[in-house]
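Close look at the chain arrangement
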Amino acid sequence: MICRLSNRRRIIIEMKKRVLLSGFILIDMAVFASCEGTPVCEVIEPQAVLSQIPTAPEQVDGMEMVYVPAGNFLMGASEDEKDALETERKQRCVYLDAFWIDKTEITNAQYAQCEEAGACAPPTDRRNYKKDSFANHPVAFVSWYDASNYCDWAGRRLPSEAEWEKAARGVDGRKYPWGEVLSCENANYFEDCSEFASTSPVGFFGEKGVSPYGAMDMSGNLWEWVEDWYKEDFYHIAPDENPSNMDSASGLKVLRGGSWNSEARFIRTTHRDGSKPESTSAYIGFRCALTAD
């Protein structure tokens, strides 16, 4: 049985990187639809080739960005995902317009540029913030407002929750950015084998911790603020095209990805959490996004 996708847009094939750090080599991917029960795959004629990948825009903070093409992806956890909470369900096919997302979390050195420009408040805890040895670590102790201000200063924005999830897992519903199996070679999370007392330098795990689109550290290291307000049942009621929750009733903003202090179940690509937007901690950072032309 093939489930036909409900959105009326022409479906654009998603692509997965085979070589992640030394240039784009693409292979065709399938687009998934979700009907009653198990998601099934509908293969779509390829619509994009290597020559159509746009050039990444140059950024004021020196951030390298990765491209996520327009198309459908599987959003949410499947019914058989034993670690998933009800807030991560239901799983279904969602369409997103093309966008760019930061390859890594914003570092201390990058955030310092914004502070020095007078556009950002300093982190609420600065014990490691200006240390040379932590310059390439992700900035922590920043609120949602701080993150939003930074992205605005840099000419970007925070990603939507759906954009974050697609950038982390690709189109095939994977459990972690790199696949289905987790080890200490993939991410900085709460595990005995961790060599870090807190954060790791951004991109430390290289190809072993990269998402299908080339984004680093989307599981572990730091939780990441996104644009959406948190709503427990949003994945049940979200629209099928470019979903974003602007209902502030919960008073919480969404956090994604888990941190260096998170157990494995909390760094899965579908896990969702929320926090007051003024909150700061040693476990929270962010990355920015940019709408593609």
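Model, not experiment: these values are computed from the prediction. (Residues numbered from 1 in each chain as written. Predicted model: local features only at pLDDT ≥ 70, side-chain atom pairs only at ≥ 80, totals over all residues. Heavy atoms only, no water.)

Spatially, 4 strands are ordered β11-β10-β9-β12 in an open sheet, and the strand pairing comes out mixed. The sheet is open, and its two borders are formed by β11 (272-275) and β12 (284-286), each paired with just one other strand. Each strand axis lies, on average, 50° off the axis of its neighbour in the sheet, ignoring direction. Pairing of strand β10 (residues 253-256) with β11 involves 4 bridges; the strand directions are antiparallel. Bridged to Arg256 within β11 is Arg272. Sheet contacts for helix α2 (residues 144-153): β9 (223-229), β10 and β12; angle to β9, the most-contacted strand, approximately 85°. (Pairing = 2+ DSSP bridges. Helix = DSSP H or I, 4+ residues; strand = E, 2+ residues; numbered from the N terminus. Axes fitted to C-alpha atoms, helices over the stretch in contact; angles between N-to-C directions. Contact = heavy atoms within 4.5 Å.)

Our next topic: the packing of aromatic side chains. Going through the model one piece at a time under the given rule, you end up with 11 aromatic pairs. Ring geometry for Tyr176 and Trp178: centres 5.4 Å apart, planes at 5°, overall stacked. The burial state of Tyr176 is the same as that of Trp178; both residues are buried. Three or more aromatic residues joined by ring pairs make a cluster, and in this case those are Tyr111, Tyr129, Tyr150, Trp153 and Phe286. (Phe/Tyr/Trp six-rings, centres within 6.5 Å; stacked < 30°, edge-to-face > 60°. Buried < 20%, exposed > 50% of the residue type's maximum accessible area, 1.4 Å probe, protein only.)

Looking now at the confidence of the model for the chain. Caution is warranted with low-pLDDT regions, since their predicted coordinates should not be read in detail. Confidence in the prediction of the chain, expressed as mean pLDDT, is 85, and 83% of residues score 70 or more. For the stretch residues 1-50, pLDDT sits under 50, and the model shows 116 contacts to residues farther than four places along the chain or on other chains. (pLDDT = per-residue confidence, 0-100.)

By the definition in use, this model includes 2 disulfides. The residue that forms a disulfide with Cys151 is Cys288, at a sulfur-sulfur distance of 2.1 Å. Judged by the torsion about the S-S bond (-90°), the Cys151/Cys288 disulfide is left-handed. Note that Cys151 is positioned in helix α2 and Cys288 in the loop between β12 and β13 (289-291), a separation of 137 residues in sequence. (Disulfide = S-S within 2.5 Å.)

In this section: the sheet that holds strand β5 (residues 65-68). Each strand in a sheet pairs with its neighbour through backbone hydrogen bonds, running either in the same direction (parallel) or in the opposite one (antiparallel). Ordered by their spatial adjacency, 3 strands build an open sheet running β5-β8-β13, and the pairing between neighbours is antiparallel. In this open sheet, the two edge strands, each paired with only one partner strand, are β5 and β13. Looking at each pair of strands side by side, their axes are set apart by 25° on average, direction ignored. In this structure, β5 lies alongside strand β8 (residues 99-102), joined through 4 bridges in antiparallel fashion. Across the sheet, residue Met65 finds its bridge partner in β8, namely Asp102. Sitting on the sheet, helix α3 (residues 161-169) touches β5, β8 and β13, and the angle it makes with β8 is about 75°.

Moving on, we come to the pattern of salt bridges. The tally for this structure, following the rule as stated, stands at 20 salt bridges. Note that Arg268 is salt-bridged to Glu88, the shortest N-O span being 2.8 Å. With a gap of 180 residues between them, Arg268 in the loop between β10 and β11 and Glu88 in the loop between β6 (71-75) and β7 (92-96) connect regions that are remote in the sequence. One exposure class covers both Arg268 and Glu88, and it is buried. Of the charged contacts, one joins Glu224 and Arg287 as a salt bridge, the two residues approaching to 2.8 Å between their closest N and O atoms. Taken together, the residues Glu224 in strand β9 and Arg287 in the loop between β12 and β13 connect sequence positions 63 residues apart. In this structure, Glu224 and Arg287 share a single accessibility class: buried. A single salt-bridge network, built from bridges that share partners, covers Glu161, Glu165, Arg169, Arg256 and Arg272. (Salt bridge = Lys/Arg side-chain N within 4 Å of Asp/Glu carboxyl O.)

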